[in-house]
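# Tertiary structure, described
Here are the chains, one letter per residue:
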Amino acid sequence: MLATMLLYRRSTIRWLLIEAVQRAWRRHEVIVPLYRRLAARAPDEQRESLLLQMAERERRHQLRYERMLSRLRAPLPRGVNLFDRLWLWLLPRCGPDLALRWAAWAERRDTRAILEAAMLLRSILRGR
């Protein structure tokens, strides 16, 4: 009975981890093009260059999430949904300050969710 409960708990937390990583990957499907759109609207070359560098850095984060999903034997999420498309349309129109704050907030939230799920999973695996 205890072994069954531990297995159920472990698989549930593993699912939470996969869901958090998939959400972070999907969020980057918005963040990367968002930075590129902001770069296209930048008032000078220096800001454009900085935003393009940020887009590239976020693309590398997304690749890291892809590797995590591969190690977890989980699929990549399906493309961008309607809600994400709305964000991608709306945020560049709200100005770079708000758009960048949203992206930073989303990344912090996703990172926290991944770390919490990973720590829970680790604690269960150690508690065997």
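Predicted model only: the values in this text are computed from it and were never measured.

Basis of the calculations
- Residues numbered from 1 in each chain as written.
- Predicted model: local features only at pLDDT ≥ 70, side-chain atom pairs only at ≥ 80, totals over all residues.
- Heavy atoms only, no water.
- Helix = DSSP H or I, 4+ residues; strand = E, 2+ residues; numbered from the N terminus.
- Rg over C-alpha atoms; globule rule 2.2 N^0.38 Å.
- Buried < 20%, exposed > 50% of the residue type's maximum accessible area, 1.4 Å probe, protein only.
- Contact = heavy atoms within 4.5 Å.
- Areas by Shrake-Rupley, 256 points an atom, 1.4 Å probe, with all protein chains shown as cover.
- Lys, Arg positive; Asp, Glu negative; His and termini not counted.
- Charge placed at Lys NZ, Arg CZ, Asp CG, Glu CD.
- Patch = residues over 30% accessible without salt bridge, like charges linked within 9 Å, V, L, I, M, F, W, Y side chains within 5 Å.
- Salt bridge = Lys/Arg side-chain N within 4 Å of Asp/Glu carboxyl O.
- Polar contact = N/O pair within 3.5 Å; in protein donor to acceptor, adjacent residues only side chain to side chain.

### Looking at the overall build of the protein
If you tally the helices and strands in the protein, you get four helices and zero strands. The order of helices and strands in the protein, counted from the N terminus, is α-α-α-α. Rg of the C-alpha trace for the protein: 18 Å, well past the compact-globule value of 14 Å for 128 residues, more than 25% over. Judged by the C-alpha coordinates and their principal axes, the protein covers about 65 × 25 × 20 Å. Looking at the protein residue by residue over its 128 residues, the buried ones come to 35%. Looking at the protein alone, contacts between residues at least 24 apart form 81% of all its contacts between residues at least 6 apart. Accessible area for the protein stands at about 8800 Å²; split by element, carbon and sulfur atoms hold 57% of it. A gap of 9 Å separates the mean positions of the 27 positive and 13 negative side-chain charges of the protein.

### Concerning unusual backbone geometry
The backbone phi angle of R73 is positive, close to 55°, even though this residue is not glycine. Take R73: it is sitting in the loop between α2 (45-71) and α3 (82-94). Given the relative accessible area of 75%, R73 is considered exposed.

### Points about a nonpolar patch on the surface
A surface patch of nonpolar side chains, amounting to about 410 Å² of accessible area, comprises F83, L86, W89 and L90. By the element assignment, L86 lies in helix α3.

### Details of the environment of S49
With respect to the element layout, S49 can be found in helix α2. With relative accessibility at 35%, the residue S49 sits in the partly exposed group. On a C-alpha basis, the gap between S49 and L121 in space is 40 Å, while along the polypeptide they are 72 residues apart.

### Some points on the side chain of E58
Structurally, the position occupied by E58 is in helix α2. With a relative accessible area of 0%, E58 lands in the buried category. Of the polar contacts made by the side chain of E58, one reaches the side chain of H61; its length is 3.1 Å. Discounting chain neighbours no more than four positions away, the residues touching E58 are H28, I31, V32, Y35 and E107.

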